[in-house]
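# A structural walkthrough
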Amino acid sequence: MTFRQFAFRNVLRNKRTYAAYFLSSAFSVMIFFVCSLFLFHPELSRQMFYPVVIQAMVGAELIMYVFSFFFVLYSVGAFLKTRKREFGILFMHGMTDRQFNQMVFLENMIIGISAIATGILSGIITGKLFLMAGSAFLGVPPLPFRLSLRALGLTIASYVLLFIVISMFTSRLMRPKALIDLFQSGQRPKTAPKTSPWLSVLAAVLLIVSYTLAATTTASTLALRMFPVTLMTMLGTYLFYSQLGVALVRRMKNSRRFTWKRTKLILLSSLHYRLKDNAQMFAMVTIVLAVSFCSVGVFASIPVLTKQFNEDFPAAIGYIAKEGNTAEREHLQTIRQELDERKIPFETLSFHVKYTEANPDSSRSEVPLTLMSFSDYKEAVLMAGLPFNEPPLEADAALVLVASQNDRAYIRTRHHVSYQIPDTDIRLREVGYSEHAGVPEYLLPKLDGDDRFGGLVISDDMFERIPPSRTERYTGFYIEDFRQTEGVASQLAPRGAVRYEMNRPYALTVSGTLFALRDSLYNMLLFAALLVGTVFFIAAGSFLYFRLYADLDYDRRHYATISRLGMTDREFRRIVTGQLALLFFVPIGLAITHSIFAFIALQSYFYLSIAAEMGIVLLSFLMMQILYFYFIRSQYLRKLKQTLI
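Residues numbered from 1 in each chain as written. Predicted model: local features only at pLDDT ≥ 70, side-chain atom pairs only at ≥ 80, totals over all residues. Heavy atoms only, no water.

## Structural notes on unusual backbone geometry
The criterion, for reference: Strands are runs of DSSP state E lasting at least two residues, helices are runs of H or I lasting at least four, and both sets are numbered from the N terminus onward. Each residue's exposure class comes from its accessible area (1.4 Å probe, protein chains only) as a fraction of the maximum for that residue type: buried when under 20%, exposed when over 50%, partly exposed otherwise.
Non-glycine residue Ala 395 carries a positive phi angle of around 50°. By the element assignment, Ala 395 lies in the loop between helix H17 (374-383) and strand E4 (397-402). Ala 395 gets classed as exposed once you look at its relative accessible area, which sits at 54%. Phi at Asp 423 is positive, roughly 65°, even though this residue is not glycine. With respect to the helices and strands, the residue Asp 423 is situated in the loop between strand E5 (418-420) and strand E6 (427-433).

Here it is in structure tokens:
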């Protein structure tokens, strides 16, 4: 038998332990390959939203590749530790360090190359299905399957490099110092796990503080709090399993009223040992699950923004002619001609927008101010078919014009301002915020540099009195279904918008084109998040699978001993089911709790509720975990019963 054959047979002998790791790696390779098929598909490259596909798929591939590196590194190291007695026998029979490194390298590469081949083959078989799903998300005709050599080469090169680096790295770190450490692996009696009351309290404090900060965050503090809250949650999660969880289980064991009933004593007998020994693994599973839930949930919630699209862009096509624009008539005629050619009925509305300089209370320097009359604002809202219930403005009262409905989340942190018009006795006082955008987003300069608000709505009398520094004309085209305008005025606005700050003589928005691009972006991001989230979810399941089967020999001896004391089959199933349920559902329960507070923080960024989307995502993952639990439970009970018979 050659050395390569010896390494190959080692892998076959440990196939039960390596099964979940192999399948997870193969699945990661398959998803990476499928993303590459999208990335290099020739028909997608001709689509207007192809840059969106590139961003989504490159991002997904980078995330999966980095995650795969750490997942494989951790898994290989953990698997090798379970084979310490086997390595001890080999060293006792004369294996050298060089041979050990070569054996570990060959074993890892055998598994890695097999996973790459399996993943690519699975990707080829299921590629058409994924392309159809991606086409449905993007709203394009089904994409034909094209086996791209660039996708194939990128996948093979990336993962061969990954497995080579990890194989070389792990083989150098696994050489033990003494044979006695190998032979006594798993045989030494375990001492009772010790916990620190201070660290247990710290775990509770970190989680409570991070949850509180997440629940009380606002749109303006979301970015500031994100990093410290994430760091505290990760540290608190690890301390929960290594300190607080162990202390709670020990406290339950010491309570006779709770423990001395049925099989609870046996159920809890080794749980605190497992929590302490596997704290790193449980923390990793919890964090990976939480990241999986949040990545899918975030992008499943983002399409909520499309529900308010008509509010943010009340005119199907909006046009601002800046002062000195000599091509206004030509541009408007081009738009009318295209709408007529498409036989799209439309109505138009035009009015002037004034600009002046003002001194706000919060600053001594003058700032530019955009002004719109109340009657023009009202007519624009009614032309868009939106309800209008705002009372007329009087005297110096002014409404802050919201640029987008989603920006209402920032209102609570903004204070009202008063403005003094220079060289006049006119003073404007903010009294509230407009219920509607009035003018499509991107068409007006921002109020005092704030990207979320687009000027002031004032009374008609005040609008007439204020001398402007310049005046511009707004023209809106109103259509019953704004989606029909996709591709209109593509010469003037190739991607649906020319923003006010782009230094053009005009600003323009085409709602149909913007909606198509935004919808494609959100759907592509959701599709990529589903792929990445599924990889994370399966990886978390493989961690649990490995942990169970790594302890299988110990559990066999444990339950065989208890069965001699008269344990019934019903009690046996209850004990095993209870321990498995704790190992499976404590991490996912804590991950769901993390995700709920993450979604509460995210809700501060959205004007509309995302509770329904959040609930669907979490419930879907929970159902998959329940199915996975029952599958593993049936297999694990069958393995243990083979010892008891």
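## Comments concerning the packing of aromatic side chains
Let me state the cut-off plainly: Each pair of aromatic rings taken from Phe, Tyr and Trp, with Trp reduced to its six-membered ring, is defined by centres within 6.5 Å and is described as stacked if the planes are under 30 degrees apart, edge-to-face if over 60, and tilted in the remaining cases. Remark: a charge is flagged as sitting over a ring if the NZ atom of Lys or the CZ atom of Arg is within 6 Å of the ring centre and within 35 degrees of the ring normal.
Throughout the structure, instances matching the rule amount to 25 aromatic pairs. Centre to centre, the rings of Phe 32 and Tyr 65 are 6.3 Å apart; their planes meet at 45°, and the pair counts as tilted. Taken together, the positions of Phe 32 in helix H2 (residues 15-39) and Tyr 65 in helix H3 (residues 50-81) put the pair 33 residues apart, joining distant regions of the chain. Residue classification places Tyr 65 among the partly exposed residues on the basis of a relative accessible area of 22%. Both rings, one in Phe 32 and one in Tyr 159, keep their centres 5.3 Å apart while their planes meet at 80°; by these two values the pair is edge-to-face. Linking Phe 32 in helix H2 with Tyr 159 in helix H6 (residues 149-173), this pair joins segments that are 127 residues apart in sequence. For the pair formed by Phe 32 and Tyr 159, the shared burial category is buried. An aromatic cluster is present here, built from Phe 584, Phe 585, Tyr 628, Phe 629 and Tyr 630 joined pairwise through their rings. Geometry around Tyr 442 places Arg 499 over its ring, the cationic atom sitting 4.0 Å from the centre.

## Regarding helix H5 (residues 97-138)
This is how it is decided: What a helix is expected to span follows from its residue count: subtract one and scale by 1.5 Å. Here the bend at each residue means the angle between axes fitted to two seven-residue stretches, the one ending at that residue and the one beginning there.
For H5, which comprises 42 residues, the first-to-last C-alpha distance of 54 Å sits more than 12% below the rise-based estimate of 62 Å (1.5 Å per residue). Thr 126 marks the point of greatest bend in H5, at about 55°. Gly 139 lies just past H5 and shows a positive phi near 75°.

## Here we look at a nonpolar patch on the surface
Spelled out, the test is: Exposure above 30% relative accessible area and no salt bridge define the residues that can form patches, which grow by joining like charges within 9 Å and nonpolar side chains of Val, Leu, Ile, Met, Phe, Trp and Tyr within 5 Å. Per-residue accessibility takes into account occlusion by the displayed protein chains alone, with areas from the Shrake-Rupley method and a 1.4 Å probe. By convention in these notes, a salt bridge is any Lys or Arg side-chain nitrogen within 4 Å of a carboxyl oxygen on Asp or Glu.
Where nonpolar side chains cluster on the molecular surface, the patch consists of Ile 54, Val 58 and Leu 62 and spans about 230 Å² of accessible area. Checked against the element boundaries, Leu 62 lands in helix H3.

## What to know about the pairing of strand E1 (residues 317-321)
Counted only if it meets this: A pair of strands counts as paired when DSSP detects no fewer than two bridges linking them.
Most of E1 sits out of view: 5 of its 5 residues are buried. Of the two faces of E1, both are covered, the one formed by Ile 317, Tyr 319 and Ala 321 as well as the one formed by Gly 318 and Ile 320. As judged from the 5 bridges shared by E1 and strand E8 (residues 470-478), these two strands associate in the antiparallel manner. Within the sheet, the bridge partner assigned to Ile 317 lies in E8 and is Phe 477. Looking at chain direction, E1 and strand E10 (residues 506-510) are connected through 5 bridges and run antiparallel. Paired with Ala 321 across the strands is Tyr 506, a residue of E10.

## Considerations on the side chain of Arg 518
To keep it simple, the criterion reads: For this count, His and the chain ends are skipped, Lys and Arg are scored as positive, and Asp and Glu as negative. We call two residues contacting when some pair of their heavy atoms lies within 4.5 Å.
Residue placement: Arg 518 occurs in helix H19 (residues 511-550). Of the side chains with opposite charge, Glu 441 lies nearest to the buried Arg 518, which makes no salt bridge, at 4.6 Å. The contact partners of Arg 518, leaving out residues within four places of it in the chain, are Phe 309, Phe 313 and Tyr 442.

## Details of the pattern of salt bridges
Tallied over the full model, the rule gives 5 salt bridges. Glu 328 serves as the salt-bridge partner of Arg 473, at 3.6 Å between the closest nitrogen and oxygen. Residue Arg 473 is located in strand E8, and its partner Glu 328 is located in helix H16 (residues 328-341); the two are separated by 145 residues in the primary sequence. With relative accessibility at 32%, the residue Arg 473 sits in the partly exposed group. By relative accessible area, Glu 328 is classed as buried at 18%. For Arg 470, the salt bridge is made with Glu 472, and the minimal N-O distance between the two is 3.2 Å. The exposure class assigned to Arg 470 is partly exposed, which follows from its relative accessible area of 27%.

The values reported here are purely geometric and, on their own, carry no functional implication.
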